[in-house]
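Residues per chain are reported as follows:
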Amino acid sequence: EDDILGKLPLRGKKILITAGPTYEAIDPVRFIGNHSSGKMGFEIAKAAANFGAEVILISGPTHEKVNHNLIDVIPVMSAQDMFEAAHKYFNDVDVAILSAAVADFRPKEVASQKIKKTSNTLILELEKTKDILASLGAIKKQQYLVGFALETNNEVENAKDKLKRKNLNLIVLNSLNDKGAGFKSDTNKVTFIDDEETITSFELKSKAEVAKDLLNKIISVIHA
Ligand code: CTP
Ligand code: CA
């Protein structure tokens, strides 16, 4: 035992993290995506590894980079790819934190050739993607499962509803109402709601600090 100072509270734990956007193909050169930077998920991965956890980081397309011997990056493109990767690793982990901004809809059919601009309008039919978080909630055993929620109205009620519906242990509510919080920024303003309905609100902080708050919450539960 070389962690005599107790600085590696997650040593021996395996954590799965999803991060970034997903890209849903329209044709060979186009996709439907979103502005998620992946920063929040990468900061969670770094904080977890610095606490000694073994991290599987499943990431959609992002400019973020990480080089840590405890972090295994699994790059994916679409919601379906992310779903398959998450299910491949989930059985084996102690904690899963799903911070990715997964597309809710994808083109029902992907054109095999580049779509030409021959008509004045183009109608794309979209179908729902699989909800990765809900699918893990439905099969979870020992895993401590954490989701995120992005809400613009009835924030706490909607987040509590997602926590219950998806069978989560904790949900991180992202406040979009505050300047400097959210998708592309380096800061975030969050509220934690756990499965005992304990609500903890935080000030606007760097995403690195939010990541530490989140891991400290998880450590306090799994060490209790
Ligand atoms: N999520 C997921 N798979 C999806 C959609 C969302 O795993 N296909 C996860 C996100 O990573 C996040 C949580 O579900 O942890 C909530 O995402 P959010 O977009 O806030 O909620 P949705 O359930 O997609 O509902 P809506 O967008 O209609 O509010
Ligand atoms: Ca969504």
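Residues numbered from 1 in each chain as written. Chains lettered and ligands numbered in written order. Predicted model: local features only at pLDDT ≥ 70, side-chain atom pairs only at ≥ 80, totals over all residues.

J.: I tried to follow the sheet that holds strand β13 (residues 199–201) on my own but got confused; where do I start?
T.: Strand pairing in a sheet relies on backbone hydrogen bonds, with the paired strands running either antiparallel or parallel. Reading across the sheet, the 8 strands line up as β5-β4-β1-β6-β9-β10-β12-β13 and stay open at both edges, with mixed pairing between neighbours. A single partner strand is all that each edge strand has here, and the edge strands are β5 (71–75) and β13. Direction aside, the axes of adjacent strands within the sheet are offset by 15 degrees on average. Relative to β13, strand β12 (residues 190–194) runs antiparallel, the two sharing 3 bridges. Residue pairing for β13: Phe-192 is matched across the bridge by Thr-200. (Pairing = 2+ DSSP bridges. Helix = DSSP H or I, 4+ residues; strand = E, 2+ residues; numbered from the N terminus. Axes fitted to C-alpha atoms, helices over the stretch in contact; angles between N-to-C directions.)

J.: I'm lost on helix α2 (residues 79–90) in this one. Help?
T.: Quick reminder: α-helices carry 3.6 residues per turn. Residues three or four places apart thus point the same way. The end-to-end C-alpha distance of α2, which contains 12 residues, comes to 16 Å, matching closely the 16 Å that a straight helix rising 1.5 Å per residue would cover. Buried within α2 are the following residues: Ala-79, Met-82, Phe-83 and Ala-86. Take α2 and look down its axis: the buried residues cluster within an arc of 105 degrees, on one side only. On the buried face of α2, the contacting elements are β1 (14–19), β2 (24–27), β4 (54–59), β7 (105–107) and α3 (132–139). (Expected span 1.5 Å × (residues − 1). Buried ≥ 20, exposed ≤ 12 C-beta atoms within 10 Å, placed from the backbone. Arc of directions from axis to C-beta. Contact = placed C-beta atoms within 7 Å.)

J.: Just checking my understanding: could you explain unusual backbone geometry for this structure?
T.: Most peptide bonds are trans, and most residues other than glycine sit at a negative phi. The phi torsion at Asn-154 lies on the positive side, around 45 degrees, for a residue other than glycine. Residue placement: Asn-154 occurs in the loop between β9 (144–151) and α4 (155–165). You will see that Glu-197, though not glycine, has its phi angle at about 65 degrees, which is positive. Within the element layout of this structure, Glu-197 appears in the loop between β12 and β13.

J.: Which parts of the structure should I look at to understand the site of ligand 1?
T.: Surrounding ligand 1, one finds 16 residues, the nearest of these being Val-102, Ile-132, Leu-133, Gly-147 and Phe-148. When residues of the shell around ligand 1 are traced back to their parent elements, those giving at least two are α3 and β9. Examining the composition of the shell around ligand 1, we find that 4 residues originate from one element, β9, more than from any other. Each residue belonging to the shell around ligand 1 can be placed in one class, and the counts come to 9 nonpolar, 3 polar and 4 charged. (Near = placed C-beta within 6 Å. Nonpolar A, V, L, I, M, F, W, Y, C, P; charged D, E, K, R; others polar.)

J.: Just to check I follow, could you spell out the UniProt feature "binding site: CTP" (unreviewed entry) in the protein for this structure?
T.: The sites that carry the UniProt feature "binding site: CTP" (unreviewed entry) are, in the present numbering, Asp-104, Lys-114, Phe-148, Lys-162 and Lys-166. The largest pairwise C-alpha distance within this set of annotated residues, which runs over 63 residues, is 38.0 Å, so the set is dispersed in three dimensions. Looking at where Asp-104 falls in the secondary structure, it is placed in the loop between β6 (95–98) and β7. Leave out the neighbours within four places in its chain, and Asp-104 touches Lys-128 and Thr-129. On the secondary structure map, Lys-162 appears in helix α4. (UniProt positions renumbered as here; feature names shortened; annotations may be inferred.)

J.: Would you explain the nonpolar core in this entry?
T.: For soluble globular proteins, nonpolar side chains are generally found buried alongside one another. Counting residues in hydrophobic clusters, the biggest one holds 52 residues, and the most contacted among them are Ile-15, Ile-17, Ile-44, Ala-48, Met-82, Ala-96 and Ile-171. With 6 residues, helix α1 (residues 39–50) is the largest single contributor of residues to this core. Leaving out residues up to four positions away in the same chain, Met-82 has contacts with Thr-18, Thr-22, Ile-58, Gly-60, Val-76, Ala-100, Val-102 and Ile-132. (Core = buried A, V, L, I, M, F, W, Y, C linked by C-beta atoms within 7 Å.)

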